[in-house]
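# Secondary and tertiary structure notes
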Amino acid sequence: MIKKDTNLGSQHEWLARLAYTEPGMEIGTEASTPETTRIMATIHKYGKLIKERDGDCYILDPENSSKEIMLILGNFKFPIIDKTELEMKRNIELWGYEDVMENIWFCHTPIYGKPCGLCHPCAVKIKSGMDFLLPKSALKRYGRKDKTPYNVIYKLKRRISQYFI
Ligand SMILES: [Zn+2]
């Protein structure tokens, strides 16, 4: 029901299974509006975040969250959900982890092994000021995604890749 309602990414199903056996796993979702990311939309609609009692992470409040969202996200802790991507970017520069950022993976449908600029996670990165993570070709595609056949090609590629998961 939640997937149908919020279009939450398919990775959350197997992540939830993993967190069920390893409760307390941390998930690095940054702060954003429910309009921007599906995970925030899901939390906003079905649950409530509270700060854990003995730590700095946020967790879902079992008393104010639905049974369904507790199954999917209830075993996770959210350490950076009160920080925006740009705040995290500043922290990364402060801590000297820029080289790690070159190897992060977010794109659903990479083109020649690089972020596509067309999928939802690529759009979220661009909209939140993290466009330096995408190659110029992907930014160009993002700028033209509603005008060119890219949109159709992307949808086809996504449909095919979902078929094989
Ligand atoms: Zn992408």
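Residues numbered from 1 in each chain as written. Predicted model: local features only at pLDDT ≥ 70, side-chain atom pairs only at ≥ 80, totals over all residues.

## Topic: the overall build of the protein chain
Put simply, the rule is: Each helix is a run of DSSP H or I of at least 4 residues and each strand a run of E of at least 2, with the numbering of both proceeding from the N terminus. For the radius of gyration, the atoms used are the C-alpha atoms, and the globule rule reads 2.2 Å times the number of residues raised to 0.38.
The number of helices and strands found in the protein chain is 9 helices and 4 strands. Along the chain direction, N to C, the helices and strands of the protein chain fall in the order α-α-β-α-β-β-α-β-α-α-α-α-α. What you see for the protein chain is a C-alpha radius of gyration of 17 Å, in line with the 15 Å of a compact globule of 165 residues. Overall, the C-alpha framework of the protein chain stretches about 50 × 40 × 25 Å when taken along its three principal axes.

## Observations regarding the domain arrangement of the protein chain
Selection criterion: Reported domain spans reflect what an automatic or database domain assignment gives. Here the nonpolar group is Ala, Val, Leu, Ile, Met, Phe, Trp, Tyr, Cys and Pro; Asp, Glu, Lys and Arg are the charged ones; every other residue, Gly included, is treated as polar.
Split by domain assignment, the protein chain resolves into domain 1 (2–77) and domain 2 (85–164). With centres defined by C-alpha atoms, the gap from domain 1 to domain 2 works out at 23 Å. The residue makeup of the side of domain 1 that touches domain 2, split by class, is no nonpolar, 3 polar and 1 charged.

## Some thoughts on the environment of Glu22
For clarity, the threshold we go by: The burial criterion counts other C-beta atoms lying within 10 Å of a residue's C-beta, which is placed from the backbone; the residue is buried at 20 or more, exposed at 12 or fewer, and partly exposed between these limits.
With respect to the helices and strands, the residue Glu22 is situated in the loop between helix H2 (11–21) and strand S1 (25–26). Here Glu22 falls in the exposed class, since 9 other C-beta atoms lie within 10 Å of it. A sequence separation of 103 residues divides Glu22 from Lys125, and the C-alpha atoms of the two residues are 28 Å apart.

## Thoughts on the nonpolar core
Test applied: Nonpolar core, as used here: buried Ala, Val, Leu, Ile, Met, Phe, Trp, Tyr and Cys residues forming one set through C-beta atoms within 7 Å. Here the contact rule is simple: place C-beta atoms from the backbone, and any two residues whose C-beta atoms are within 7 Å are in contact.
Leu8, Ala19, Ile39, Ile43, Tyr58, Ile59, Leu60, Ile72, Leu73, Phe76, Phe78 and Ile81 together form the largest nonpolar core, which totals 12 residues. In this structure, Phe76 is in contact with Ala19, Met25 and Ile27, ignoring residues within four places of it in sequence. Listed in part, the 8 residues of the second largest apolar core include Cys116, Leu118, Ala138 and Tyr142.

## Brief notes about unusual backbone geometry
Positioned with a positive phi, Tyr112 is a non-glycine residue whose angle comes to about 50°. Topologically, Tyr112 is positioned in the loop between helix H6 (98–101) and helix H7 (120–127). For Tyr112, a count of 7 C-beta atoms within 10 Å corresponds to the exposed category.

## Thoughts on the confidence of the model for the protein chain
Which entries qualify depends on this criterion: A residue's pLDDT is the predictor's confidence in that residue, given on a scale from 0 to 100.
Predicted confidence across the protein chain gives a mean pLDDT of 87, with 95% of residues reaching 70 or more. The secondary-structure element of the protein chain with the lowest mean pLDDT is helix H9 (residues 150–164), recorded at 70, while strand S3 (residues 58–60) shows the highest, at 97.

## Focus: the environment of Ala123
Secondary-structure assignment places Ala123 in helix H7. Spatially, the C-alpha atom of Ala123 lies 10 Å from that of Ala138, the residues being 15 residues apart in sequence.

## Quick notes on the environment of Ala16
You can see Ala16 is positioned in helix H2. Take Ala16: there are 16 C-beta atoms within 10 Å of it, and that puts it in the partly exposed class. Separated by 45 residues in the primary sequence, Ala16 and Asp61 have C-alpha atoms spaced 17 Å apart. Each residue touching Ala16, except ones within four places of it in the same chain, is listed here: Leu71 and Ile72.

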